[in-house]
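Each chain, letter by letter, is given below.
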Amino acid sequence: MKILMSGMALVAAMFASQAVAEDVADLNDLEFAHIAYTADNIDIRYAHLALALSTNPEIHAFANTMISDHNAVNAAALELLDKLGATAQDNFFSQALNEGAEKIIDDFSKLRGAEFDAAYAANELAYHQTVNDLVENTMIPNIENAEVKALFQQGLDIFKVHETHAEMMVKGLSH
């Protein structure tokens, strides 16, 4: 578990920095879109790893929900970008997310059984808390396009449910 905490701490530190939040707030809608798409894909990767490493039915159900919901939000985002004739723009924060995810995935791959399940659940809770906070308090207030803003709000509503589910999963695994 100590291995994973360093990876989770890395991502949490990235999100928690006020300077980073201010820098992210200065990005444009297409850069926000890339961050959201990247964050969704990372969570999909975590979920696939959970399906491969866990035997816990609750972890599997949650992971399958993550894959389904995050793929659906990404499909809607790509559809909107296509409608707008736009392309998401890579940026420093998307790149940092991917780097942090590589460390977490490497740490996850060393765990098995209840240790993996607890680490995965804790990471999902921390990940959804930090991403949801960033989307709600930094991105949405700074998105200029009304359709993009509406899509981010819809995604946030879904991901807040994920956060609650992850919180219940963490509590259930700690008993």
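Each remark here, short or long, concerns the structure printed above.
These lines cover the structure that appears in this document, whether it is placed above or below. (Residues numbered from 1 in each chain as written. Predicted model: local features only at pLDDT ≥ 70, side-chain atom pairs only at ≥ 80, totals over all residues. Heavy atoms only, no water.)

Quick look at the layout of surface pockets
Here is the rule: Throughout, the protein atoms alone are placed on a 1 Å grid, and a set of points is a cavity if a 1.4 Å probe fits but cannot get out or a pocket if it is open with protein on both sides within 12 Å along at least five of seven lines; lining residues have an atom within 4 Å of a point. Grid points are joined across faces, edges and corners, and a volume is the space filled by probe spheres set on the points. Counting from the N terminus, the helices are DSSP H or I runs at least four residues long and the strands are E runs at least two residues long.
There is about 330 Å³ of room inside the largest pocket. What lines the largest pocket is a set of 27 residues, and nearest its centre among them are A33, A36, Y37, D40 and F152. Elements with a contribution of two residues or more to the lining of the largest pocket: α3 (29-53), α4 (57-84), α6 (113-139) and α7 (146-173). No other element matches the seven residues that α3 contributes to the lining of the largest pocket.

Topic: the pattern of salt bridges
Note the cut-off: Each salt bridge in this description consists of a side-chain nitrogen of Lys or Arg and a carboxyl oxygen of Asp or Glu lying within 4 Å of one another. Burial classification: accessible surface area is computed with a 1.4 Å probe over protein chains only, and a residue below 20% of its type maximum counts as buried, one above 50% as exposed, and the rest as partly exposed.
Counted under the stated rule, the structure contains six salt bridges. Here E147 and K83 are joined by a salt bridge, their closest N and O atoms 2.3 Å apart. Linking E147 in helix α7 with K83 in helix α4, this pair joins segments that are 64 residues apart in sequence. Accessibility expressed as a relative area gives 33% for E147, which makes it partly exposed. Here K83 falls in the exposed class, since its relative accessible area comes to 59%. Of the charged contacts in the structure, one is a salt bridge between E167 and K171, with a shortest N-O distance of 3.8 Å.

Thoughts on the packing of aromatic side chains
Put simply, the rule reads: By convention, a stacked pair of Phe, Tyr or Trp rings (six-membered ring in the case of Trp) has centres within 6.5 Å and planes under 30 degrees apart, an edge-to-face pair has planes over 60 apart, and any other such pair is tilted.
Evaluation of the coordinates by the stated rule reveals seven aromatic pairs. Ring centres of F62 and Y120 lie 6.2 Å apart, and the angle between their planes is 75°; this geometry places the pair in the edge-to-face category. With F62 in helix α4 and Y120 in helix α6, the pair connects residues that are 58 residues apart, well separated along the chain. Across the pair, exposure class does not vary: F62 and Y120 are buried alike. On the numbers, 5.4 Å between centres and 65° between planes, the contact of F108 with F116 is edge-to-face. You can call F108 buried: its relative accessible area is 0%. By way of ring pairs, the aromatic residues Y46, F62, F108, F116, Y120 and Y127 are connected into one cluster.

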